[in-house]
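Chain by chain, the residues:
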Amino acid sequence: MRLKDKDVEVGYLYLTSTKQYRAVLAMKGGFMIYAPSLEGCAPLTGAVVKMPFENQPFKKCQTVTFAKKDYQVFAFNGTEAVKHRLTDVQLTEITAQCNAKSAIAALLAG
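As the structure is a computational prediction, the values presented were derived from the model and not from experiment.

Participant: Just to check I follow, could you spell out the sheet that holds strand β7 (residues 83-85) for this structure?
Facilitator: The strands making up a sheet associate through backbone hydrogen bonding, with each pair oriented either parallel or antiparallel. Spatial ordering of the open sheet is given by β4-β3-β2-β1-β7, a layout of five strands whose pairing is antiparallel. Strand pairing shows two members of the sheet lacking a second neighbour, β4 (59-62) and β7, which therefore form its edges. Taking each pair of neighbouring strands and ignoring which way they run, the sheet shows an average axis angle of 35 degrees. Summarising the sheet, strand β1 (residues 12-15) and strand β2 (residues 21-28) pair through three bridges and their orientation is antiparallel. Within the sheet, the bridge partner assigned to L15 lies in β2 and is Y21. The strands that helix α2 (residues 88-97) touches are β2, β3 (31-36) and β7; relative to β2, the one it contacts most, it runs at about 95 degrees. Along the sheet face, helix α3 (residues 101-109) touches β2, β3 and β4 and points at about 35 degrees away from the line of β2.

Participant: What should I look at first to understand the environment of G30 in this one?
Facilitator: Within the secondary structure layout, G30 lies in the loop between β2 and β3. Judged by relative accessible area, which is 41%, G30 ranks as partly exposed. Between the C-alpha atoms of G30 and T65, which are 35 residues apart in sequence, the distance is 9.7 Å. Once you skip the residues sitting within four places of it in the chain, G30 turns out to touch C61, Q62 and T63.

Participant: Would you mind showing me how to read the side chain of S37 here?
Facilitator: Within the secondary structure, S37 sits in the loop between β3 and β4. The class of S37 is buried, set by a relative accessible area of 2%. In this structure the side chain of S37 is engaged in a polar contact, spanning 2.8 Å, whose partner is the backbone nitrogen of Y21.

Participant: What should I look at first to understand the pattern of salt bridges in this one?
Facilitator: Any two side chains of opposite charge can pair, given that their charged atoms come close. Under the defined criterion, the tally for this structure stands at three salt bridges. For the salt bridge of E9 with K83, the shortest nitrogen-to-oxygen distance reads 2.4 Å. Residue E9 is found in the segment before β1, and its partner K83 is found in strand β7; the two are separated by 74 residues along the sequence. By relative accessible area, which is 33% here, E9 ends up partly exposed. Among the salt bridges present, the one from K50 reaches E54, with a minimum N-O distance of 3.2 Å. On the accessibility criterion, E54 (38% relative accessible area) is partly exposed.

Participant: Can you walk me through the packing of aromatic side chains in this structure?
Facilitator: Describing an aromatic ring pair means giving the distance of the ring centres and the angle of the ring planes. If you walk through the whole model with that rule in mind, you get five aromatic pairs. With a centroid separation of 5.5 Å and 35 degrees between ring planes, the pair formed by F66 and Y71 is classed as tilted. The pair formed by F66 and Y71 is uniform in burial state, with each residue classed as buried. One aromatic cluster is present, formed by Y14, Y34, F66 and Y71 through successive ring pairs. The ring of F31 carries K60 above its face, with NZ or CZ at 5.6 Å from the centroid. Above the ring of Y12, the side-chain terminus of K83 is found at 5.1 Å from the ring centroid.

What counts and what doesn't
Residues numbered from 1 in each chain as written. Predicted model: local features only at pLDDT ≥ 70, side-chain atom pairs only at ≥ 80, totals over all residues. Heavy atoms only, no water. Pairing = 2+ DSSP bridges. Helix = DSSP H or I, 4+ residues; strand = E, 2+ residues; numbered from the N terminus. Axes fitted to C-alpha atoms, helices over the stretch in contact; angles between N-to-C directions. Contact = heavy atoms within 4.5 Å. Buried < 20%, exposed > 50% of the residue type's maximum accessible area, 1.4 Å probe, protein only. Polar contact = N/O pair within 3.5 Å; in protein donor to acceptor, adjacent residues only side chain to side chain. Salt bridge = Lys/Arg side-chain N within 4 Å of Asp/Glu carboxyl O. Phe/Tyr/Trp six-rings, centres within 6.5 Å; stacked < 30°, edge-to-face > 60°. Lys NZ or Arg CZ within 6 Å of the ring centre and 35° of its normal.

Following this line, the structure appears as structure tokens:
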């Protein structure tokens, strides 16, 4: 299923049809920064201890490009949906895992 760019939101986790988790870290204008996991990632369970973005480089792209990927419904934190809200702790962890803090600041300042 493809998303509309207006459906993509900061602080949400998405899953592509290739089993790649994507966490949206920042958006400004028509651009965004997100963290991708490896493709073929194991499903996240209710007892997630660590998010799957360690040593994965963040990506910057147009929001419309991100939305055109094929996404799927997945279970996370007890619900099934196409997107799931991340906690502030999870967002901080993901940002640190992919070393995106300065890129986020640059996007938001630009």
